[in-house]
Amino acid sequence: MNHSSDNQDSEQKLKSLLALKKHEQPPPGYFDQLPNAVIHRLRTEQPPRVNSIWFENFFAKLAFEPKLAYGVGLMVGASALITGSYFVQSKGPELANIPSLRPGSPLNPSADEDSGQLNYMSLVPEPTLASTLSHSSKLFTNAPVRSLAPPSFLFDGPALQQVHAVSYRTQPY
Amino acid sequence: MITENVSITIPGQAATSQLEKPHPTDTPSDLSLVNKAQNEDLAAYDELVRRYQERIYATLYHMTSNHEDANDLTQETFIKAYRALKSFKGDSSFYTWVYRIAVNKTINFLKQRKNKLNMSLNDLDFNAEHDPDLVSLISEKTPRRSLGLAELQEKLNEALQKLSEPHRLVVTLHDVQGLAHEEIGKIMNCNVGTVRSRLFYARQQLQATLSDYLK
């Protein structure tokens, strides 16, 4: 009995406290300027695209309707799952045939483990007559340069051996 | 054809179920102003903005606890309403329709803002010090006795910002602005039972948060 009367008392006090919100007022003259600002913007600004309005309303609706939000989430998840599984099924054989994933391919040098060296030649596609002709007819090409020499590494050159002594001693004025 | 559906014209007054009272004969009804505004009569729309700006602003202010945000959102609401006015069929009152736009805009804004609370509170008017409810609250021997009204205002706003958006909106519309449950249901697109349960839960949350000030 006491508990319920305490609750009622607390609720009444909360209502009294919320009355404070009614006394919060914007700066004086604010409501005289607001309509002018709205009309001015209507005259000067271009209307946005319809799509953005639709999205805005849709996402606001989700906030108020949890069932709808769950439904949409479920649909998105299910469609992502279906799309993913379809992609794997349809593209699976193609993925298996990607050259870079095949043994002995440039990005998969493990096939040359026996020799202990990377097969740099495998980085360059085998030339065919057609490709040779097409390349030779162009002045500029982005085709890789074919060479039997292994590529030089950053620290292989003589530049590394040129060590200059640096003195940190300050000169007297 | 849009049916006649009018609202009261006194700005700033608590909106209740009496919203649908007819206008005095010398002031144009919402419907006639809407019809004119649909034909790009900006003067008519200006009148509609003046009619509802205080209530829309107040709701958005109580939802955000920030004057600048409420100002931006109020302007955006009326601009969007004008551009969408062609789609207004008169199924609900213009007031309810604008309110829905305002609420949707605010919910989206608050979702973007997430939990970054940045309060910019308006000053209390002169009448606050003489409000009998507040005088009794302040004068009693409780922890709030030592607080000024401004500090109490800050605590109250902080507590409101801890509520979820739908719960905060229900408290704002019912307990602060005095709208009826049915009217809130129309604005929030839910039934009266949902409004009541949200209100009950929101009040409980507020009582728990503000327990020190309600003893």
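Residues numbered from 1 in each chain as written. Chains lettered and ligands numbered in written order. Predicted model: local features only at pLDDT ≥ 70, side-chain atom pairs only at ≥ 80, totals over all residues. Heavy atoms only, no water.

A.B. asks: Can you tell me about the overall build of chain A, naming the residues and giving the values?
C.D. replies: A tally of helices and strands in chain A yields five helices and one strand. Order of helices (α) and strands (β) in chain A, N terminus to C terminus: α-β-α-α-α-α. The 173 residues of chain A split such that 14% are buried. Intrachain contacts of chain A at a sequence separation of at least 6 include 18% that bridge at least 24 residues. (Helix = DSSP H or I, 4+ residues; strand = E, 2+ residues; numbered from the N terminus. Buried < 20%, exposed > 50% of the residue type's maximum accessible area, 1.4 Å probe, protein only. Contact = heavy atoms within 4.5 Å.)

A.B. asks: Please provide a residue-by-residue account of the packing of helix H1 (residues 30-38) of chain B against helix H2 (residues 42-64) of chain B, values included.
C.D. replies: All names here are of chain B. Where H1 meets H2, the closest approach of the two axes is 8 Å, and the angle between their N-to-C directions is 135°. In this view, H1 runs oblique relative to H2, as classed from their interaxial angle. Handedness of the H1/H2 crossing: left-handed. Listed contacts from H2 to Asp 30, Leu 33, Val 34, Lys 36 and Ala 37 of H1 are Ala 44, Tyr 45, Glu 47, Leu 48, Arg 51 and Tyr 52. Its residues placed into classes, the contact of H1 with H2 shows seven nonpolar, no polar and four charged. (Axes fitted to C-alpha atoms, helices over the stretch in contact; angles between N-to-C directions. Parallel < 35°, antiparallel > 145°, perpendicular 65-115°, else oblique. Left-handed = near helix turned anticlockwise from the far one by under 90°. Nonpolar A, V, L, I, M, F, W, Y, C, P; charged D, E, K, R; others polar.)

A.B. asks: How would you explain the confidence of the model for chain B if you had to name every residue and give the values?
C.D. replies: Residues and elements named next belong to chain B. For chain B, per-residue confidence averages 83 on the pLDDT scale, and 84% of positions sit at 70 or higher. Long-range and interchain partners of residues 1-21, a stretch whose pLDDT sits below 50, account for 62 contacts in this model, where long-range means more than four residues apart. This complex was scored by the predictor with a pTM of 0.63 and an ipTM of 0.79. (pLDDT = per-residue confidence, 0-100.)

A.B. asks: Account for the nonpolar core, with residues named and values stated.
C.D. replies: Residues Tyr 45, Leu 85, Phe 94, Leu 206 and Leu 210 of chain B are the most contacted members of the largest nonpolar core, which totals 67 residues. Broken down by element, this core gets its largest block of residues, eleven residues, from H2 of chain B. Setting aside residues no more than four positions away along its own chain, Leu 210 of chain B makes contact with Leu 14 and Leu 17 of chain A together with Lys 155, Leu 156 and Ala 159 of chain B. (Core = buried A, V, L, I, M, F, W, Y, C linked by side-chain atoms within 4.5 Å.)

A.B. asks: Got a sec to walk through the interface of chain A and chain B? Specific residues and values, please.
C.D. replies: Taken together, the contacts link 43 residues of chain A with 59 residues of chain B. Between chain A and chain B the total buried area reaches about 4,700 Å² when both faces are included, carbon and sulfur atoms providing 64% of it. At the junction of chain A and chain B, the tally comes to two salt bridges. With a closest N to O distance of 2.6 Å, Glu 76 of chain B and Arg 41 of chain A form a salt bridge. Our count for the chain A to chain B interface comes out at 14 residue pairs in polar contact (both at pLDDT 80 or more). Mapped by element, the contributors of at least two residues to the side of chain A that touches chain B are helix H1 (2-22), strand E1 (24-25), helix H2 (30-44) and helix H3 (50-64) of chain A. By residue number, the principal contributor to the side of chain A that touches chain B is H1 of chain A, which donates 13 residues. (Buried area = accessible area lost by both parts, 1.4 Å probe. Salt bridge = Lys/Arg side-chain N within 4 Å of Asp/Glu carboxyl O. Polar contact = N/O pair within 3.5 Å; in protein donor to acceptor, adjacent residues only side chain to side chain.)

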